[in-house]
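# Structural overview for review
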Amino acid sequence: MSITNESLLALEQELTFSSFSRADAFRLGELINEESAKYPAPLATEIVINGLVVYRYFQDGALPDSELWLERKRNAVELMQMASLRFGCWLEENGETLESRKLNPDDFAPGGGGMPIILKGTGVIGSVCVSGEPNHLDDHAIVTTAMKRLLAEKQ
């Protein structure tokens, strides 16, 4: 599957929850930590529901600048109401840049690692963001795999 705005939109729709609680956020954090063991670098993880950080964990060895990357990814998800990777694809497909949209590149990360938490019938209620892998597509894969696992558990 190629990574496009359209394919990422379909993934977001697939990863839509009927409910999402703080306990779900904690479980998702655990699943992210389990999934990240398959990758080379330690992760920083943040989960936000309705503007409140309900889960935050920096694995041993996670770099301090990951905190800034989490914020940039969260900002991208919150502003555009889409995955940070989809925001990057959307910009590219529309011939835009952060600068052309009058957005400060220090404030937004249009790359992998940030996903919206979407409730059926409600819309985006928060975000789950990870940072730390050398390849931002790995950050994206870790988050989406963990979200799929949580959805399967909730069924």
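Higher on the page you've got the structure.
I will try to describe carefully the structure that is included in this document. (Residues numbered from 1 in each chain as written. Predicted model: local features only at pLDDT ≥ 70, side-chain atom pairs only at ≥ 80, totals over all residues. Heavy atoms only, no water.)

The number of helices and strands found in the protein is five helices and five strands. Listing the helices and strands of the protein from first to last along the sequence gives α-β-α-β-β-α-α-β-β-α. Here the C-alpha radius of gyration of the protein, 14 Å, is about what a compact globule of 155 residues would show, namely 15 Å. For the protein, the spread of C-alpha atoms along the three principal axes comes to 40 × 40 × 30 Å. Here the protein holds 155 residues, and 50% of them are scored as buried. Here the contacts in the protein between residues at least 6 apart in sequence split such that 68% fall between residues at least 24 apart. Per element, the accessible surface of the protein, about 7,600 Å² overall, is 51% carbon and sulfur. Considering the protein, the positive charge centre built from 14 side chains and the negative charge centre built from 23 side chains are found 5 Å apart. (Helix = DSSP H or I, 4+ residues; strand = E, 2+ residues; numbered from the N terminus. Rg over C-alpha atoms; globule rule 2.2 N^0.38 Å. Buried < 20%, exposed > 50% of the residue type's maximum accessible area, 1.4 Å probe, protein only. Contact = heavy atoms within 4.5 Å. Areas by Shrake-Rupley, 256 points an atom, 1.4 Å probe, with all protein chains shown as cover. Lys, Arg positive; Asp, Glu negative; His and termini not counted. Charge placed at Lys NZ, Arg CZ, Asp CG, Glu CD.)

Position of Ser84 among the secondary structure elements: in helix α4 (residues 84-93). Note on Ser84: relative accessible area 0%, which makes it buried. At 2.9 Å, the side chain of Ser84 and the backbone nitrogen of Gly114 are in polar contact. Not counting the four nearest positions on each side in its chain, Ser84 is found in contact with Lys73, Ala76, Val77, Ala109, Pro110, Gly111, Gly112, Gly113 and Gly114. (Polar contact = N/O pair within 3.5 Å; in protein donor to acceptor, adjacent residues only side chain to side chain.)

Here the focus is the packing of helix α3 (residues 66-80) against α4. Contact geometry for α3 and α4: axes closest at 8 Å, N-to-C directions at 70°. With respect to α4, the axis of α3 lies roughly perpendicular. Note on packing geometry: the crossing formed by α3 with α4 is left-handed. Along its contact with α3, which presents Lys73, Ala76, Val77 and Met80, the element α4 presents Ser84, Phe87 and Trp90. (Axes fitted to C-alpha atoms, helices over the stretch in contact; angles between N-to-C directions. Parallel < 35°, antiparallel > 145°, perpendicular 65-115°, else oblique. Left-handed = near helix turned anticlockwise from the far one by under 90°.)

Glancing now at the packing of aromatic side chains. Within this structure, the stated rule accounts for three aromatic pairs. Between Phe17 and Phe20 the ring centres are 5.1 Å apart and the planes differ by 70°, which places this aromatic pair in the edge-to-face class. Across the pair, exposure class does not vary: Phe17 and Phe20 are buried alike. Both rings, one in Phe26 and one in Tyr55, keep their centres 6.1 Å apart while their planes meet at 75°; by these two values the pair is edge-to-face. Here Tyr55 lies in strand β3 (residues 52-58) and Phe26 lies in helix α2 (residues 22-36), a separation of 29 residues in the sequence. Looking at Arg72, its charged tip hangs above the ring of Trp69, at a distance of 4.7 Å from the centre. (Phe/Tyr/Trp six-rings, centres within 6.5 Å; stacked < 30°, edge-to-face > 60°. Lys NZ or Arg CZ within 6 Å of the ring centre and 35° of its normal.)

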